[in-house]
Amino acid sequence: MGGGTGSGLGTYVLNVLEDEFPEVYRFVTSVYPSAEDDVITSPYNSVLAMKELTEHADCVLPIENQSLADIVNKIVQMTNSGKLGSVKQNSLLISNKGGVKESEKPFDAMNNIVANLLLNLTSSARFEGQLNMDLNEITMNLVPFPHLHYLTSSVTPLYTLADVNIPTRRLDQMFSDAFNKDHQLIRADPKHNLYLACALMVRGNVHISDVRRNIERLKPSLQFVSWNQEGWKTGMCSVPPVGHSHSLLALANNTCVKPAFIDLRERFIRLYRKKAHLHHYLQVDGMEQSCFSEALTSLSSLIEEYNQLDATKGLYMPNPPRLNIAV
């Protein structure tokens, strides 16, 4: 999102896919820049891309570079402590290829986390299971309003990202981890914000009774909108990740994404107020200045929808449809 190629080419491809396959749901895994990003114009690129994602994607899984780096560092610290087992010598996390020890920016290991997310997301399409969940069902069940399609994601155990020998994670602890802020792929705490809906995609030899029991255990600590208290979608795939007995991917439509969008807007405004670096887009790329104001308006409108949901605890419905319902 922060680079010109990622934001510009990425959203262009998104628009081409919409034109060519209008009936197919479009999922986007978008990596947002951190506050210490080395691309000065990343706020411009990200906000311009946000407008396209809001209007043309059906489901967006926002991921933050800083969150990925924090997770990689956590894995390294835990494995180095020896409490959770040892890392094999040819593991990605300690090899030069992985880049964690030799480089300050372990992009390979960070990309591994995103790849692991996608593997879990598409597992039901590739393997058999008790309750297979296809991508269409995710959008149908987790996106109640068109623009509010930004889903937070968390993966557990984190240690499937490297070739790590660790004891099997207890099933109940795995469900608790999925709602812990340290396991989110974006720096957010969904447990203390408002849920619109939630999906749990389980892999491995897990019984549906265990899933339901954990949902009932966690529900009292999670704040759902009043009109969707039972907004849980469950998918169960029989084949676990290699080397593990089970894993869990949690997707949540939660208002906790709002602070990340607010921070991005503030960074954009600081540059745009001074018109800094704007000539690169207007003179070299031939863009109109109105594109920037429209992108800012689009992002502000999205933030306002989340504000209204938080303020009314979900009683507010953005652009409610006119329905004739007999009461």
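That block above? That's the structure.
Residues numbered from 1 in each chain as written. Predicted model: local features only at pLDDT ≥ 70, side-chain atom pairs only at ≥ 80, totals over all residues. Heavy atoms only, no water.

Undergrad: It is not clear to me how the overall build of the chain should be interpreted in this structure. Could you clarify?
TA: When you go through the chain residue by residue, the secondary structure sums to eleven helices and nine strands. For the chain, buried positions account for 49% of its 327 residues. Look at the contacts in the chain between residues 6 or more apart in sequence, and 84% of them connect residues 24 or more apart. With the model as given, the accessible surface of the chain reaches about 16200 Å², and the carbon-plus-sulfur share is 51%. (Helix = DSSP H or I, 4+ residues; strand = E, 2+ residues; numbered from the N terminus. Buried < 20%, exposed > 50% of the residue type's maximum accessible area, 1.4 Å probe, protein only. Contact = heavy atoms within 4.5 Å. Areas by Shrake-Rupley, 256 points an atom, 1.4 Å probe, with all protein chains shown as cover.)

Undergrad: Help me understand the pattern of salt bridges, please; the structure alone is not making it clear to me.
TA: Here the idea is simple: oppositely charged side chains can pair when their charged atoms come close. Evaluated as defined, the whole model comprises ten salt bridges. Lys51 is paired through a salt bridge with Glu55; the nearest N and O atoms lie 3.3 Å apart. With Lys51 and Glu55 both in helix α2 (residues 42–56), this residue pair falls four residues apart, about one helical turn. For Lys51, a relative accessible area of 17% puts it in the buried group. Notably, a salt bridge pairs Lys258 with Asp310, separated by 3.0 Å at the nearest N-O pair. With Lys258 in helix α9 (residues 258–273) and Asp310 in helix α11 (residues 290–312), this residue pair connects regions lying 52 residues apart in the sequence. The same class applies to Lys258 as to Asp310, namely buried. Among the charged side chains, a salt-bridge network with shared partners connects Glu18, Arg26 and Asp58. (Salt bridge = Lys/Arg side-chain N within 4 Å of Asp/Glu carboxyl O.)

Undergrad: Whenever I open this one, unusual backbone geometry confuses me. Can you help?
TA: Outside of glycine, negative phi angles account for most residues, and trans bonds account for most peptide bonds. A cis amide bond links Thr156 with the next residue in sequence, Pro157, at an omega value of 0°. By secondary structure assignment, the location of Pro157 is in the loop between β4 (152–156) and β5 (164–165).

Undergrad: Looking at this structure, I do not really get the side chain of His246. What am I missing?
TA: Topologically, His246 is positioned in strand β9 (residues 246–254). A polar contact is formed between the side chain of His246 and the side chain of Ser245, at a distance of 3.1 Å. (Polar contact = N/O pair within 3.5 Å; in protein donor to acceptor, adjacent residues only side chain to side chain.)

Undergrad: How should the packing of aromatic side chains be read in this particular structure?
TA: Each aromatic ring pair is summarised here by two numbers: the centre-to-centre distance and the angle between the ring planes. Scanning all chains against the criterion turns up 14 aromatic pairs. Look at Tyr44 and Phe268: their rings are 5.4 Å apart centre to centre, the planes differ by 75°, and that puts the pair in the edge-to-face class. Taken together, the residues Tyr44 in helix α2 and Phe268 in helix α9 connect sequence positions 224 residues apart. We note that Tyr44, like Phe268, is buried. Three or more aromatic residues joined by ring pairs make a cluster, and in this case those are Tyr44, Phe268, Tyr272, Tyr281 and Phe292. (Phe/Tyr/Trp six-rings, centres within 6.5 Å; stacked < 30°, edge-to-face > 60°.)

Undergrad: I'm lost on α11 in this one. Help?
TA: For the α-helix, the turn length of 3.6 residues means that residues three or four positions removed from each other point alike. With 23 residues, α11 extends 33 Å from end C-alpha to end C-alpha; this agrees with the ideal 33 Å at 1.5 Å per step. Considered for burial, the residues of α11 that qualify are Phe292, Ala295, Leu296, Ser298, Leu299, Leu302, Ile303, Glu305, Tyr306, Leu309 and Asp310. In this structure, the buried side of α11 is in contact with α2, β6 (194–204), β9, α9 and α10 (278–284). Lys313 sits one or two residues past α11 and shows a positive phi near 55°. (Expected span 1.5 Å × (residues − 1).)

Undergrad: Quick question: what am I supposed to make of the nonpolar core here?
TA: For soluble globular proteins, the rule of thumb is that nonpolar side chains tend to be buried together. Tyr32, Tyr44, Met50, Leu53, Tyr150, Phe261 and Phe292 are the most contacted members of the largest nonpolar core, which totals 34 residues. Listed by contribution, the elements that provide at least two residues to this core are β1 (27–32), α2, β6, α9, α10 and α11. Here this core takes eight residues from α11, the largest share from any one element. Other than its neighbours up to four places away in sequence, Tyr44 contacts Phe268, Leu271, Tyr272, Lys275, Ala276, His277, Leu278, Tyr281 and Phe292. Of all hydrophobic cores here, the second largest spans 27 residues; its members include Ile63, Leu68, Ala69 and Val76. (Core = buried A, V, L, I, M, F, W, Y, C linked by side-chain atoms within 4.5 Å.)

Undergrad: Would you explain the environment of Thr54 in this entry?
TA: Structurally, the position occupied by Thr54 is in helix α2. Excluding anything up to four places from it in sequence, Thr54 contacts His147, His149, Tyr150, Ser298 and Leu302. At 2.7 Å, the side chain of Thr54 forms a polar contact with the side chain of Tyr150.

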